[in-house]
Amino acid sequence: MLNGRTQVTAVIGHPVAHSVSPAIVNAAYEAAGLDWVFVAFDVQPGRAADALTAMRSLGVRGLSVTMPHKDDVFASVDELTERATTIGAVNCVTRVGDRLVGDNTDGRGLLLSLADDPGTDVGGLAVGVIGAGGAARSIVSASAEAGATSIVVVNRTESRAVATVGVAPLVARVGSLADLAECDVIINATSVGMGDDTALAVPIEVLRAGQVVVDIVYHPLDTPLLRAARQVGATAVDGLGMLVGQAALAFAMWTGEVAPLDAMRRAARLAVSSP
Ligand code: ATR
């Protein structure tokens, strides 16, 4: 029951009405028995800095940040974690005293979720990442931190792939789609396969049994890439993983408690499958 002591957290985005984050994070608060709430604020493009000012004055404890505000928030917080600075994007803000700290939890969230289900630790594995946006950079950074032996970055625009490799220059290199055949874990961090897009982010020829194939697209949950992965006997992991994982890390940072991953996964699946 909401009351005078309820702690408020939120997502800012535009549009944000279809965000599944409120369902995921509120399920976590409920499972953990916390007197916290998570709401969605539709913040107009260009007004993210105002939202951070409001966060300070209203005592909002934490913010998730989604499109189109990631760059503005990056520029407007009081402090950035080293990781957020390297990646160049913020998806999570925590109020520490009266300072707002910007972090990036996408990549680590995805890896947390993969370690939990299907039980894959990228430490010691060869990772292939398709894409070069904020999500891809976050995944490359987290994979390097987790001890991946090699990371191949493949992107339509090669100059952006080069910049993405710069996030983890010791283990990452620019590669081609054919190079993905050598990878143990393949992660699609592009929007290919989203909505009605029937395109395959990766040609089926590079997929094989034994690989773990991950899509960060979650609309739809079952993408052409995941269908192709299953067809060749690879393990297919849908886009709820990153969504739940980054929310779990935000929950832990904001509340100081361990995130109830199972309850969050269930809520995510339910929210995504309801109209
Ligand atoms: P985000 O920051 O959310 O990760 P982004 O910066 O818009 O998103 O990046 C989207 C990624 O999807 C990019 O790597 C983009 O490739 P380009 O760098 O060449 O633009 C990739 N992408 C989008 N549509 C694509 C398509 N039809 N084919 C291949 N790659 C595509």
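Read on for a plain summary of the structure. (Residues numbered from 1 in each chain as written. Predicted model: local features only at pLDDT ≥ 70, side-chain atom pairs only at ≥ 80, totals over all residues. Heavy atoms only, no water.)

Quick look at the site of the ligand
Heads up, the rule is: Being near a molecule or strand, for a residue, means having at least one of its heavy atoms within 4 Å of it. By the criterion applied in these results, polar contacts are pairs of N or O atoms within 3.5 Å in which, for protein atoms, one can donate a hydrogen and the other can accept it, and in which residues neighboring in sequence qualify only through two side-chain atoms. Per-residue and other accessible areas were derived by the Shrake-Rupley procedure at a 1.4 Å probe size, with only the shown protein chains allowed to occlude residues. By the convention adopted, Pro, Cys, Tyr, Trp, Phe, Met, Ile, Leu, Val and Ala count as nonpolar, Lys, Arg, Asp and Glu as charged, and the other residues, Gly among them, as polar.
If you check the shell around the ligand, you find Gly131, Ala132, Gly133, Gly134, Ala135, Asn155, Arg156, Thr157, Arg160, Thr190, Ser191 and Val192 and nothing else. Between the ligand and Ala135, the relevant distance is 3.2 Å, taken from an oxygen atom to a main-chain nitrogen or oxygen of the residue. Computed on the free molecule, the ligand has an accessible area of 650 Å², of which 64% lies beneath the protein chains in the complex. Residues that form the shell around the ligand fall into these classes: 3 nonpolar, 7 polar and 2 charged.

Observations concerning the sheet that holds strand β5 (residues 92-96)
Rules: A pair of strands is treated as paired once DSSP finds two or more bridges between them. Only DSSP runs of H or I with at least four residues qualify as helices, and only runs of E with at least two residues qualify as strands; both kinds are numbered from the N terminus onward. Should any heavy atoms of two residues lie within 4.5 Å, those residues are counted as being in contact. Axes here refer to lines fitted to C-alpha atoms; in helices the fit is confined to the stretch in contact. Angles between the N-to-C directions go from 0 to 180 degrees.
Spatially, 6 strands are ordered β2-β1-β3-β5-β6-β4 in an open sheet, and the strand pairing comes out mixed. The open sheet has two edge strands, β2 (36-42) and β4 (79-80), and neither has a second partner. As defined by bridge partners, strand β1 (residues 7-13) adjoins strand β3 (residues 62-65) across 4 bridges and the pair is classed as parallel. Bridging across to β3, Ile12 finds its partner in Val65. Its contacts with the sheet place helix α1 (residues 21-32) against β1 and β2, and it is angled at close to 170 degrees to β2.

Digging into the packing of aromatic side chains
Basically, it comes down to this: Two aromatic rings, drawn from Phe, Tyr or Trp (for Trp, its six-membered ring), form a pair once their centres lie within 6.5 Å of each other, and the interplanar angle then sorts them: stacked below 30 degrees, edge-to-face above 60, tilted otherwise.
On inspection of all chains with the given rule, the structure shows 3 aromatic pairs. When the ring of Tyr29 is compared with that of Trp36, the centres are 5.8 Å apart and the planes differ by 45 degrees; the resulting orientation is tilted. Ring centres of Phe38 and Trp254 lie 6.1 Å apart, and the angle between their planes is 25 degrees; this geometry places the pair in the stacked category. One end of the pair, Phe38, is in strand β2; the other, Trp254, is in helix α9 (residues 240-255), with 216 residues separating them in the sequence.

What about the nonpolar core?
One recurring pattern in soluble globular proteins: nonpolar side chains tend to sit buried together. Rules: Joining through side-chain atoms within 4.5 Å is the link that ties buried Ala, Val, Leu, Ile, Met, Phe, Trp, Tyr and Cys residues into a set, and such a set is a nonpolar core. Residue exposure (1.4 Å probe, protein chains only): buried if accessible area is under 20% of the type maximum, exposed if over 50%, otherwise partly exposed.
Ranked by internal contacts, the top residues of the largest apolar core, which has 26 residues, are Val127, Val129, Ile139, Ile151, Ile187 and Val214. For this core, the elements supplying multiple residues, two or more each, are α5 (106-116), β7 (126-130), α6 (134-145), β8 (150-154), α7 (158-165), β10 (185-188) and β11 (212-215). The dominant element in this core, judged by the number of residues it contributes, is α6, at 5 residues. If you look at the next biggest cluster of nonpolar residues, it comprises 23 residues, including Val25, Cys92, Val244 and Met264.

Looking at the sheet that holds β7
Taken in spatial order, the 6 strands line up as β9-β8-β7-β10-β11-β12 in an open sheet, and their pairing is parallel. Both outer strands of the open sheet, β9 (172-174) and β12 (235-237), are each paired with one neighbouring strand and no more. Strand-to-strand twist in this sheet, taken as the mean axis angle between neighbours without regard to direction, amounts to 20 degrees. Where β11 meets β12, 3 bridges bridge the pair, whose relative direction is parallel. Opposite Val214, over in β12, you have Val237 as the bridge partner. Here α7 sits on the sheet and contacts β8 and β9; the angle it forms with β9, its principal contact strand, is near 170 degrees. Against the sheet, helix α8 (residues 224-231) contacts β10, β11 and β12, and its axis sits at roughly 170 degrees relative to β11.

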